[in-house]
Amino acid sequence: MSVPSDSQRMEKIVSLCKRRGFIFQSSEIYGGLNGLWDYGPLGVELKRNLKNYWWRVMVHERDDVVGMDGSILMNRAVWKASGHEDTFTDPMVDCRSCKARLRADQIVEKKGAKQCPVCGGKDLTEPRSFNLMFKTYVGATEDESSVTYLRPETAQAIFAQFKNVLDVSRKKLPFGIAQIGKAFRNEINPRNFTFRSREFEQMELEYFCRAEEGIKLLEYWKEERLKFYGNIGIARDKLHVLTVPDEERAFYSKGTYDIEYDFPFGRQELEGVAYRTDYDLSQHQKASGKSLEYFDEETKQKFLPHVVEPSAGVDRTVLALICEAYSEDQAPDEKGKMETRVVLRFHPRLAPIKCGVFPLLKNNEQLVAKAKQIADLLRPHMFVFYDEGGAIGRRYRRQDEIGTPFGITVDFETLGEKDSALCDTVTLRERDSMKQERVAIKDLANLLVAQIS
Ligand code: GAP
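First, a word on scope: everything that follows refers to the structure included in this document. Treat the numbers as computed from the prediction; the structure is a model and nothing was measured. (Residues numbered from 1 in each chain as written. Predicted model: local features only at pLDDT ≥ 70, side-chain atom pairs only at ≥ 80, totals over all residues. Heavy atoms only, no water.)

1. A closer look at the pairing of strand β24 (residues 425–430)
Phase 1: Most of β24 sits out of view: five of its six residues are buried.
Phase 2: Direction of pairing for strand β23 (residues 406–410) relative to β24: antiparallel, over a ladder of four bridges. Bridge pairing in β24 places G407 opposite R429.
Phase 3: Relative to strand β25 (residues 436–440), β24 is paired through five bridges, and the arrangement is antiparallel. Residue pairing for β25: T425 is matched across the bridge by A440.
Phase 4: Where β24 folds back on β25, the antiparallel hairpin that results is connected by five residues, among which M434 adopts a positive phi of roughly 60 degrees. (Buried < 20%, exposed > 50% of the residue type's maximum accessible area, 1.4 Å probe, protein only. Helix = DSSP H or I, 4+ residues; strand = E, 2+ residues; numbered from the N terminus. Pairing = 2+ DSSP bridges.)

2. Overview of empty space enclosed by the protein
Phase 1: On inspection of all chains with the given rule, the structure shows one cavity of 30 Å³ or more.
Phase 2: Surrounding the largest cavity, F358, Y396, Q399, D400, T404, P405, F406, G407, R429, E430 and R431 form its lining.
Phase 3: Contributing elements (two or more residues each) for the lining of the largest cavity: α11 (392–402), β23 and β24.
Phase 4: The element best represented in the lining of the largest cavity is α11, accounting for three residues.
Phase 5: Of the residues contributing to the lining of the largest cavity, the split by class is four nonpolar, three polar and four charged. (1 Å grid on protein atoms, 1.4 Å probe; cavity = no way out; pocket = protein on both sides within 12 Å on 5 of 7 lines; lining within 4 Å. Points joined across faces, edges and corners; volume = space filled by probe spheres on them. Nonpolar A, V, L, I, M, F, W, Y, C, P; charged D, E, K, R; others polar.)

3. Focus on the nonpolar core
Phase 1: Core analysis: the biggest nonpolar cluster contains 56 residues, and F22, L50, Y229, I232, I322 and F346 have the highest contact counts within it.
Phase 2: Here the element with the most residues in this core is helix α9 (residues 314–325); it accounts for eight residues.
Phase 3: Residues within four places of L50 in sequence aside, it is in contact with M203, F228, I232, V314, T317, V318, L321 and L350.
Phase 4: Counting 26 residues, the second-largest nonpolar core is a separate cluster that includes L132, V147, L166 and Y294. (Core = buried A, V, L, I, M, F, W, Y, C linked by side-chain atoms within 4.5 Å. Contact = heavy atoms within 4.5 Å.)

4. Digging into the layout of surface pockets
Sizing a probe to match a water molecule and rolling it over the atoms shows the empty space that remains.
Phase 1: The calculated volume of the second largest pocket comes to roughly 240 Å³.
Phase 2: Lining the second largest pocket are N75, A77, V78, A81, F159, A160, H284, A287, S288, K290 and L292.
Phase 3: Every element with two or more residues in the lining of the second largest pocket is listed here: α3 (76–81), α5 (155–160) and α8 (279–288).
Phase 4: Of the residues that constitute the lining of the second largest pocket, the class distribution is seven nonpolar, three polar and one charged.

5. Digging into the site of the ligand
Phase 1: In the region of the ligand, 20 residues are neighbours, and E153, E187, E204, E269 and L270 sit closest.
Phase 2: Separating an oxygen atom of the ligand from a side-chain N or O atom of Q202 is a distance of 3.0 Å.
Phase 3: One nitrogen or oxygen atom from the side chain of R316 is found 3.4 Å from a nitrogen atom belonging to the ligand.
Phase 4: Here the ligand loses 89% of its free accessible area of 560 Å² to cover by the protein chains.
Phase 5: Of all elements in the fold, only β12 (199–209), β15 (266–277) and β18 (306–313) reach the threshold of two or more residues within the shell around the ligand.
Phase 6: If you tally residues by element for the shell around the ligand, the top one is β15, at five residues.
Phase 7: Split by residue class, the shell around the ligand holds five nonpolar, five polar and ten charged. (Near = heavy atom within 4 Å. Polar contact = N/O pair within 3.5 Å; in protein donor to acceptor, adjacent residues only side chain to side chain. Areas by Shrake-Rupley, 256 points an atom, 1.4 Å probe, with all protein chains shown as cover.)

In structure tokens, the structure reads:
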């Protein structure tokens, strides 16, 4: 079997995402809108499983982190104080020949001359700053006084609410505030499927600490985040940690790591882990005139905490999960002839559907009734898919292709027709190895829950 090239692999992934209902182009029936995507029935499950697992690990399994859910629109003063209104820009270049709008860093240079990557033209404008925030107006008047922006990151809501959350949670340093939510950036050149989108979700933690703990916690969070990616099934050798060099780091950051993943289209950032010092809180304290200081009861001192921020993209991680899971192998068809099998090898805890339940024959009432009973038995514990259509081998393949880790087949042995010792047992098939074992129906829920949680 020939191994698909990286671009063929990416094409297959994009096509599978549409065909099986993971990801669709937004507004597709009207020709779409560049950089915007909709998640279909399976994509939404995968995304939800990722967010739930992040929340579990970052909030529920710790006693030093609390959550919040901020609004997308905030007072414009937030974006002035944070620096986004003045500096959240990308350098943009126009090609005068084909009218393409390009990010300056995407311009190619051939034989010493700058060229448009779209048409090869050399008639390019000088780079100019383009603010990535989407502007909007709040209320009925559309003038300067009603301007604000769709948030370009979730983090600022956490800084703006720092004092309220501190007061109600009564946490002592170091402690964190976590948030998952939408962010919007008017990217000049959205590309690589969902990788660079104009609307996306972030999972961000702002972990507040004393200045002297910042560097140590930066290392700690980098390691924690690497562990997280391992626990969702991303191979360690496809993850890389880039130490962002001084000249590329935000001026207020004392250290930033990018966690990168080897996508089929190249090595790209999944998450940033940054030590942002006390920059954000001090900016908001200055601009709002409200104290955002922390009072240390032991030393009786007041000071602005520093912060370490692991900031991950939901959509990029979903894309990495799909790229990592996509595989093709050889498996026998109904007649024993080898065929190519497409499998999404998701970690069971991330898989959109956990278990397929199949009666061997759809026209046998007893088999169908038993299979439906088993699906109902499992439904309180996991997302189950009942399928009675087509040959059993085809039904397995359909579930393999969407990454369902387990398949349960109800056959005549389940009904006790062949061997009474096998009554009320089923065949449990594992997706990756395709191995099958006989399991008692009463043991199914415990056995599966242990593997998906
Ligand atoms: N609060 C810090 C912050 O927003 P960032 O590096 O600009 O930092 C964090 O963004 C993460 O958000 C990125 O690592 C990436 O996963 C995700 N992200 C940023 N821009 C994105 C885009 N246009 N499309 C999809 N995900 C994006």
